[in-house]
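Summary of the model geometry
Spelled out, the chains give:
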Amino acid sequence: MKKVKLIIFDLDGTLINAYPAIVRSFNYTMAKVQAKAQSVRVIKHAVGKGDSSLLEPYVSRGKLDQALLIYRKHHRVSLKKDSRVFKGVYKVLDNLKKNGYKMAVASNRPTEFSLILIRYLKLKKYFDYILCADKLKKGKPDPTILKKIMRRIGVKPSETVYVGDMALDAQAGRRARVKTVILTTGSSSKREILAQNPAYIIPGIKGLLKII
């Protein structure tokens, strides 16, 4: 790609595999609020729009606030126990940093938990800016998060690439008018991703170096 100056990354399913931590915290919470445990497949498919949206469909009316408190307390611990970067992530980020690209994170995960992951997994040094949906009125697929990052870094959409793993990431990228690369390492099926027509679909993060 010519003229690329900024690469924005989603976090979960793109750089980090935190699904085991999410599943553990989710089903721990369900037990505490006397709700039904869910399968890994169901939980994984529900991920992507923040923890409130993750829990709300599965808890009784009026119990969401309680469930969120339980989930977040448990998740502060489980994130460090059960989260890992995907293979090749450090190598790819090192390469991009050495080649002068600006890099940022755009995540629907709340800021507190995004920073736990980024710091614990030693990713912070790579990023010029980190923005999460809890700092905005709307998260992805609304494009505001991507637009604010571009304004903060001082680049145009034509100079930006967004890398995510879900259909909603492809939607956000298209609405922000940036080229979007979608990895198949996340919770959206390839069919769901294809329906959103991203610029590129790749099986893993290492493929990004062949595109940029």
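Everything quoted here is computed from the prediction, not taken from an experiment. (Residues numbered from 1 in each chain as written. Predicted model: local features only at pLDDT ≥ 70, side-chain atom pairs only at ≥ 80, totals over all residues. Heavy atoms only, no water.)

Let us now look at the packing of helix H1 (residues 19–32) against helix H4 (residues 64–82). Direction vectors running N to C along H1 and H4 enclose 150°, while the axes themselves pass 8 Å from each other. Taken together, the axis directions place H1 and H4 in an arrangement best described as roughly antiparallel. The chirality of how H1 crosses H4 is right-handed. Contacts between H1 and H4 involve Pro20, Ala21, Ile22, Arg24, Ser25, Phe26, Tyr28, Thr29 and Lys32 on the former and, on the latter, Ala67, Ile70, Tyr71, His74, His75, Ser78, Leu79, Lys81 and Asp82. In terms of residue class, the contact of H1 with H4 is built from nine nonpolar, five polar and four charged. (Axes fitted to C-alpha atoms, helices over the stretch in contact; angles between N-to-C directions. Helix = DSSP H or I, 4+ residues; strand = E, 2+ residues; numbered from the N terminus. Parallel < 35°, antiparallel > 145°, perpendicular 65-115°, else oblique. Left-handed = near helix turned anticlockwise from the far one by under 90°. Contact = heavy atoms within 4.5 Å. Nonpolar A, V, L, I, M, F, W, Y, C, P; charged D, E, K, R; others polar.)

Residue proline 141 follows lysine 140 across a cis peptide bond; omega there is 20°. Mapped onto the fold, proline 141 is located in the loop between strand S5 (129–132) and helix H7 (144–153). Located in the positive-phi region is glutamine 34, a residue other than glycine, with phi close to 60°. Looking at where glutamine 34 falls in the secondary structure, it is placed in the loop between H1 and helix H2 (40–46). Residue glutamine 34 is classed as exposed on the basis of its relative accessible area, which comes to 71%. If you check the backbone angles, lysine 122 has positive phi at about 60° while not being a glycine. Note that lysine 122 resides in the loop between helix H6 (111–120) and S5. Classification of lysine 122 as exposed rests on a relative accessible area of 62%. (Buried < 20%, exposed > 50% of the residue type's maximum accessible area, 1.4 Å probe, protein only.)

At a minimum axis distance of 8 Å, the contact between H7 and helix H8 (residues 167–176) shows a crossing angle of 55°. Here H7 lies oblique to H8, going by the angle between them. For H7 against H8, the interelement crossing comes out right-handed. Every residue of H8 that contacts H7 at Leu146, Lys147 and Met150 is listed here: Ala172, Gly173, Arg175 and Ala176. Taken together, the residues of the contact of H7 with H8 break down into four nonpolar, one polar and two charged.

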